[in-house]
Amino acid sequence: IFLHARLLCTSLTHPLSIDAPASLSPCTMPPSKAEAKALAAERKAAAAAEGQRRRAEAEAKKKAQEAAVAAAAEAGMGTCCLQGGRGSQEDRATAIRLPQGDLRFAGVHDGHCGEVCADFASRAVPALLLQTAEFKAGDYKGALRSALEATHTQFIKDAPSSEVSGTTSTVAII
């Protein structure tokens, strides 16, 4: 595609003239040394803030994983998640002792297209399980089904419309 247009630039804020596409930006002069230095400092500060946010997020994830390992150990169980060659770990595992007798809950949540749904399910399924009428009546198979359905409904309700992650959950009451 060939575009022929006369570009007139008479000041820093003068827009392009003639019939140039709107996607072309106005003519501007390169920033002065002081402006360039200020822009560089601004980018550096933004990068530092982003790095600090990511470190805090990683620390929070690490603490959550340590808490999950401690809960599993308390239940006489263990979990292991291997990331492999992927850039991030999208899977979650849950192993806890339930408050009723000697029952334990184990769940593996295989995340797809992100970790948000798997992370949500690893926290929500055990909590919702204890609230089901089936669990209180001793119908553990029905309780697991109800807890998974409630988790699905709650995630769809709470997740932002832009969220695309999902999970396949395998759960058991032992």
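Procedures and definitions
Residues numbered from 1 in each chain as written. Predicted model: local features only at pLDDT ≥ 70, side-chain atom pairs only at ≥ 80, totals over all residues. Heavy atoms only, no water. Helix = DSSP H or I, 4+ residues; strand = E, 2+ residues; numbered from the N terminus. Buried < 20%, exposed > 50% of the residue type's maximum accessible area, 1.4 Å probe, protein only. Expected span 1.5 Å × (residues − 1). Bend = angle between axes of the 7 residues up to and from the residue. Contact = heavy atoms within 4.5 Å. pLDDT = per-residue confidence, 0-100. Polar contact = N/O pair within 3.5 Å; in protein donor to acceptor, adjacent residues only side chain to side chain. Pairing = 2+ DSSP bridges. Axes fitted to C-alpha atoms, helices over the stretch in contact; angles between N-to-C directions. Salt bridge = Lys/Arg side-chain N within 4 Å of Asp/Glu carboxyl O.

**Quick notes on the overall build of the protein**
Then, number 1: Helices and strands together make up the secondary structure of the protein, namely four helices and three strands.
Then, number 2: Sorting the 174 residues of the protein into buried and exposed places 25% on the buried side.

**Some thoughts on helix H2 (residues 116-131)**
Then, number 1: With 16 residues, H2 extends 23 Å from end C-alpha to end C-alpha; this agrees with the ideal 22 Å at 1.5 Å per step.
Then, number 2: Its axis deflected by about 30° at Ala 124, H2 carries its strongest bend there, up to four residues before the proline Pro 126.
Then, number 3: Listed as buried for H2 are Cys 117, Ala 118, Phe 120, Ala 121, Ser 122, Ala 124, Val 125, Pro 126 and Leu 129.
Then, number 4: Among the structural elements, strand S1 (92-97), strand S2 (104-112), helix H3 (133-137), helix H4 (140-158) and strand S3 (166-173) are those in contact with the buried residues of H2.

**Describing the confidence of the model for the protein**
Then, number 1: When pLDDT is averaged across the protein, the result is 78; 78% of the residues are at 70 or more.
Then, number 2: Mean pLDDT in the protein bottoms out at helix H1 (residues 33-74), which sits at 82, and peaks at H3, which reaches 93.
Then, number 3: Scored below 50 in pLDDT, residues 1-18 makes 21 contacts in the model with residues more than four places away or belonging to other chains.

**Examining the side chain of Ser 122**
Then, number 1: Here Ser 122 is to be found in helix H2.
Then, number 2: Within the structure, Ser 122 has its side chain in polar contact with the backbone oxygen of Asp 119 (distance 2.8 Å).
Then, number 3: Residues within four places of Ser 122 in sequence aside, it is in contact with Arg 92, Thr 94 and His 109.

**Examining the sheet that holds S1**
Then, number 1: The sheet built from three strands is open, its strands ordered S1-S2-S3 with antiparallel pairing. On the outer flanks of this sheet lie S1 and S3, each paired with one strand and no other. Taken over all neighbouring pairs, the strand axes of this sheet differ in orientation by 10° on average, direction set aside.
Then, number 2: Looking at chain direction, S1 and S2 are connected through six bridges and run antiparallel.

**Brief notes about the side chain of His 109**
Then, number 1: Among the structural elements, His 109 can be located in strand S2.
Then, number 2: Separated by 2.7 Å, the side chains of His 109 and Ser 169 make a polar contact.

**Here's the deal with the pattern of salt bridges**
Oppositely charged side chains can form a pair if their charged atoms are brought close together.
Then, number 1: Across all of its chains, the model carries five salt bridges by this definition.
Then, number 2: Linking Glu 50 and Arg 53 is a salt bridge whose minimum nitrogen-to-oxygen distance equals 2.6 Å. On the criterion of helical spacing, the pair formed by Glu 50 and Arg 53 is a turn pair, its members being three residues apart in helix H1.
Then, number 3: What makes Glu 50 partly exposed here is its relative accessible area of 29%.
Then, number 4: In this structure, Asp 119 and Arg 92 form a salt bridge, with 3.2 Å as the shortest nitrogen-oxygen distance. A residue pair is termed long-range when its members are at least 10 positions apart, and Asp 119 in helix H2 and Arg 92 in strand S1 qualify at 27 residues.
Then, number 5: Arg 92 sits in the buried class, given a relative accessible area of 14%.

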